[in-house]
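Coordinate analysis (summary)
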Amino acid sequence: MNRNRPANGQSSPFILAELMAWIRALGPYRWASVRLRGWGMTGRAAVTGVPYLWLLLFFLVPFLIVLKISISDIRLGMPPYEPLLTWLSAQVLGIKVNFANYAFLWEDALYRNAYLNSLLTAGVSTVLCLLIGYPMAYGIARSRPSWRNLLLLLVMLPFWTSFLLRVYAWIGILKNNGLINNLLLSMGVIDEPIVMLQTDFAVYLGIVYSYLPFMVLPLYTAVEKLDLSLLEAAADLGCRPVRAFFRITVPLTMTGIVAGCMLVFIPAVGEFVIPALLGGPDSLMIGRVLWEEFFNNRAWPVASAVAIAMLLLLVLPIIILQRVQGREMGAHR
Amino acid sequence: MASARPEQRSEPWKDPGATPYVRLEKVTKKFGDFVAVDDVTLNIYRGEIFCLLGGSGCGKTTLLRMMAGFETPTSGSIWIDGTDVTAMPPYERPVNMMFQSYALFPHMTVEQNVAFGLRQDKLPKREITERVTEMLKLVRMSQFAGRKPHQLSGGQRQRVALARSLVKRPKLLLLDEPLAALDKKLREHTQFELINIQETLGVTFVVVTHDQEEAMTLASRIGVMNHGEIVQVGTPTDIYEYPSSRFVADFIGSVNMFEGHLIEDEPDYVRVESAELGGVFHVGHGVSAAPNATVWVALRPEKIHISRERPEGDGDNRVAGVVAEIAYLGDQSIYLVRLAGGRLVRVTQPNIVRQGGGGRISWEEPVWLSWDSSSPVVVTQ
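Since the model is a prediction, treat every value here as computed from it, not as a measurement.

Cut-offs and rules
Residues numbered from 1 in each chain as written. Chains lettered and ligands numbered in written order. Predicted model: local features only at pLDDT ≥ 70, side-chain atom pairs only at ≥ 80, totals over all residues. Helix = DSSP H or I, 4+ residues; strand = E, 2+ residues; numbered from the N terminus. Rg over C-alpha atoms; globule rule 2.2 N^0.38 Å. Buried ≥ 20, exposed ≤ 12 C-beta atoms within 10 Å, placed from the backbone. Contact = placed C-beta atoms within 7 Å. Pairing = 2+ DSSP bridges. Axes fitted to C-alpha atoms, helices over the stretch in contact; angles between N-to-C directions. pLDDT = per-residue confidence, 0-100. Nonpolar A, V, L, I, M, F, W, Y, C, P; charged D, E, K, R; others polar. Parallel < 35°, antiparallel > 145°, perpendicular 65-115°, else oblique. Left-handed = near helix turned anticlockwise from the far one by under 90°. Domains from an automatic or database assignment. Core = buried A, V, L, I, M, F, W, Y, C linked by C-beta atoms within 7 Å.

**Looking at the overall build of chain A**
From N to C terminus, chain A includes 15 helices and two strands. The C-alpha atoms of chain A give a radius of gyration of 27 Å, which is well past the 20 Å a tight globule of 333 residues would have. Referenced to the eigenvectors of the C-alpha coordinate spread, the extents of chain A come out at roughly 85 × 80 × 40 Å. The buried share of chain A, reckoned over its 333 residues, is 26%. In chain A, of all internal contacts separated by at least 6 residues, the share reaching a separation of at least 24 is 69%.

**Some thoughts on the sheet that holds strand β19 (residues 366-370) of chain B**
All names here are of chain B. Across the sheet, which stays open at both edges, the five strands sit in the order β15-β19-β16-β17-β18 with antiparallel pairing between neighbours. Lying at the two open borders of the sheet, with one neighbouring strand each, are β15 (305-307) and β18 (344-350). Each adjacent strand pair in this sheet contributes to an overall mean axis angle of 45 degrees, direction not counted. Pairing analysis gives seven bridges linking strand β17 (residues 332-339) to β18, with the strands arranged antiparallel. Considered in β18, the bridge of Gln332 is made with Pro350.

**Remarks on the confidence of the model for chain B**
Should the pLDDT be low somewhere, the predicted coordinates at that spot are not to be read in detail. Residues and elements named next belong to chain B. The share of residues in chain B with pLDDT of 70 or more is 96%, and the mean pLDDT across the chain is 87. Considering each helix and strand of chain B separately, the mean pLDDT is smallest for helix α5 (residues 184-201), with a value of 82, and largest for helix α2 (residues 110-120), with 94. Every residue in residues 1-8 is under pLDDT 50, and counting partners more than four places away or in other chains gives nine contacts. Interface scoring of the predicted complex returns ipTM 0.81; its pTM is 0.77.

**Considering the interface of chain A and chain B**
Contact with chain A, which involves 17 residues of that partner, is made by 19 residues of chain B. Put simply, the parts of the chain that give the side of chain A that touches chain B at least two residues each are α10 (228-236) and α11 (241-252) of chain A. Top element by residues in the side of chain A that touches chain B is α10 of chain A. It accounts for six residues. Per-class residue counts for the side of chain A that touches chain B are nine nonpolar, three polar and five charged.

**Re the environment of Gln232 of chain B**
Position of Gln232 of chain B among the secondary structure elements: in strand β10 (residues 229-234). Through-space distance from the C-alpha of Gln232 of chain B to that of Ser245 of chain B is 8.3 Å; in sequence the pair is 13 residues apart.

**Let's talk about the environment of His261 of chain B**
Residues and elements named next belong to chain B. Mapped onto the fold, His261 is located in strand β11 (residues 256-265). Taking the C-alpha atoms as reference points, His261 and Ala290, 29 residues apart in sequence, are found 9.8 Å from one another. Dropping the residues within four chain positions of it, His261 is found in contact with Val272, Glu273, Asn292, Ala293, Thr294 and Val295.

**Examining the sheet that holds strand β2 (residues 34-44) of chain B**
All names here are of chain B. Judged by pairing direction, the sheet is antiparallel, and its four strands sit side by side in the order β2-β1-β4-β5 without closing on themselves. Only two strands of the sheet have a single neighbouring strand rather than two, namely β2 and β5 (83-84). Relative to β2, strand β1 (residues 22-31) runs antiparallel, the two being bridged by seven bridges. For Arg23, the partnering residue across the bridge sits in β2 and is Asn43.

**Side note on the packing of helix α6 (residues 145-156) of chain A against helix α9 (residues 200-225) of chain A**
All names here are of chain A. Axis separation between α6 and α9 bottoms out at 9 Å; the angle between their running directions is 150 degrees. With respect to α9, the axis of α6 lies roughly antiparallel. Relative to α9, the crossing made by α6 is left-handed. Across the interface between the two elements, Leu152, Val155 and Met156 from α6 touch Pro213, Val216, Leu217 and Tyr220 from α9. Here the residues of the contact of α6 with α9 are counted per class, giving seven nonpolar, no polar and no charged.

**Quick look at the domain arrangement of chain A**
Annotation of chain A at the domain level lists domain 1 (1-41) and domain 2 (101-331). Centre-to-centre, using C-alpha coordinates, domain 1 of chain A lies 48 Å away from domain 2 of chain A.

**A look at the domain arrangement of chain B**
Residues and elements named next belong to chain B. Assigned domains within chain B: domain 1 (12-94 + 170-246) and domain 2 (254-379). For domain 1 versus domain 2, the distance between C-alpha centres works out to 34 Å. Contact residues are listed per partner, giving five residues for domain 1 and five residues for domain 2. For the side of domain 1 that touches domain 2, a count of residues per class yields two nonpolar, two polar and one charged.

**Observations concerning the nonpolar core**
Cys51, Met67, Val114, Ala163, Leu174, Val206 and Val297 of chain B are the most contacted members of the largest nonpolar core, which totals 106 residues. Contacts of Val114 of chain B, omitting those with residues within four sequence positions, involve Val132, Met135, Leu136, Val160, Ala163, Arg164 and Val167 of chain B. By size, the runner-up hydrophobic cluster in this structure holds 49 residues, among which are Tyr81, Cys261, Leu284 and Ala305 of chain A.

**A look at the pairing of strand β16 (residues 318-328) of chain B**
Residues and elements named next belong to chain B. Examined bridge by bridge, β16 and β19 share five bridges and lie antiparallel to one another. For Gly321, the partnering residue across the bridge sits in β19 and is Val367. Where β16 lies against β17, seven bridges are found, and the strand directions are antiparallel. The residue of β17 that forms the bridge with Val323 is Val337.

**Some remarks on the packing of α2 of chain B against helix α3 (residues 125-138) of chain B**
Residue and element names in this part refer to chain B. At a closest axis distance of 10 Å, the pairing of α2 and α3 adopts a crossing angle of 130 degrees. As summarised for this structure, α2 and α3 are arranged oblique, according to the angle between their axes. The interaxial crossing formed by α2 with α3 has right-handed handedness. Note on element contacts: α3 touches α2 through Ile128, Arg131, Val132, Met135 and Leu136, opposite Glu111, Val114, Ala115, Leu118 and Arg119. Here the residues of the contact of α2 with α3 sort into seven nonpolar, no polar and three charged.

Next comes the structure, spelled out in structure tokens:
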């Protein structure tokens, strides 16, 4: 730190250093720092501890609350579920656990179909994103260095507008008297408007459009790191370009592919806004079911069970993908 | 510095009827306005180890990459074994290359790396296994077949890269700075190994290097490059003993260069008077230059004799001076001798007699330098 200090502009860091030295010399400071160190609280522990504290407070605790609600019974009132713990008498604390919500999820075809449909929609969207995103990432990574930052900026540019606003904009484009239909009608290509809004097509379009940058960015990083001489070596050994792509480029960019697919697939499974705004009544996704259970039916326990089940459904692929990624990392250094 | 070749081999480049294996015809490569390779015409014969030698940015790697097919010449043509390959993509050329970075596939084992080229030819599995095993044995990497490249040392990677580029039995192997990543001991060892492999397999090698010692050891012939042009092609001996220009003389080894002018021009000898030397060179070979033209005389440091006594005979090929600097290198000593005009002359002498006793030449001592008339070389450019 000291070595990097510029020789002329040394006044302010110098004063800061003086101040720090003075604070360090103080009794209470020394006492506190020795105590903290005794408990294992060093500066390093504090720096890594803060994010953990954040995750604990805002992810783990809410998760436990949702878990608690999911195993309680529904009731009319506020809150709309039975408490988990009740005093049966002055000394006896009763725990009432209700797994009926989960059994209900399993028995009712609606939920199963919604889960399957969510996985299918997310899966198809992920594949579409990969098919569109890979050539984009490849093109950007192989473009002239002076162009690269501009092209990357263009990929990220949509984030500057609200996500909700962009999805609404698609309604204006896709609806029966929207941009596309009006254009095609006026050109005489079609006689009556094509129904695009409130179809599965619109949902796929919305998801692919919204999540494409999450696919492109990790892919770009992976492709950009690829040593071009490896492709030359493959060509030199008699490998045609298409084959070299599948034998060399794809395996060596697998980390980017896995990361991109995770970033698209996982949020797409729980996606609510896009199917709600662009999808039809029959495009049933689990995010929408969740919303309806919570706000329309006020069935908090069932809704919580839906949320927990979705989490479990997603944890498994995440673990598998991380395994793959860990192995890939090990293979490259 | 002498060639490592044990005996005199055939010299196809001296035979006007011989057909070259690789022929470059007026090859030029431009990157924008920059001319990387400038009108190069070159013949390389079967079984040669041809070294392209030059400093960085002289175009040697670009020339090699054009032979491999990674770059297309702006103009000119490249012929390999009688076929025009100028527009042929690299994956169709009967050529393999060993990359400077080795370019081993990091996600494949040593065995898979070596087998890669054979797999592209859809050879039967058994043959692939046999040839890979044989090749790994040749480069002594059999016990590492299952390792990934990142688990190997630099020297081991180099051997895998060599095996991978040789396993397809190419008739022409291109090597881009093959030994640059190795330390000095390993490099010397590998140089001889390369020559052995080349002789065993009968492959034609084209080697790019910036290391003149490497070129001298490996090459049957050397092409010295400068600013995209080939300035001289010849055997290591030709290049060292008969440089054709000041650049070549200066680039290969160290040399004392004296400016002078011709005062006597006979078919079998010339005399050059040099103000820098403060004397006259008697050079035992003819020169094609105008009388009184400015020429340069190149004199290698090891060809100068240093003594306290004035040499016998007439007044040419000798000069008096004072020892200004001595460097003792163990096997030899370097003397820097200041002439009357102030010019420093570099002289190297092998330390035949054990040093440390008295009687050796020391600092500030007046000495005489002399050389044989066969030693200096006159260059006109």
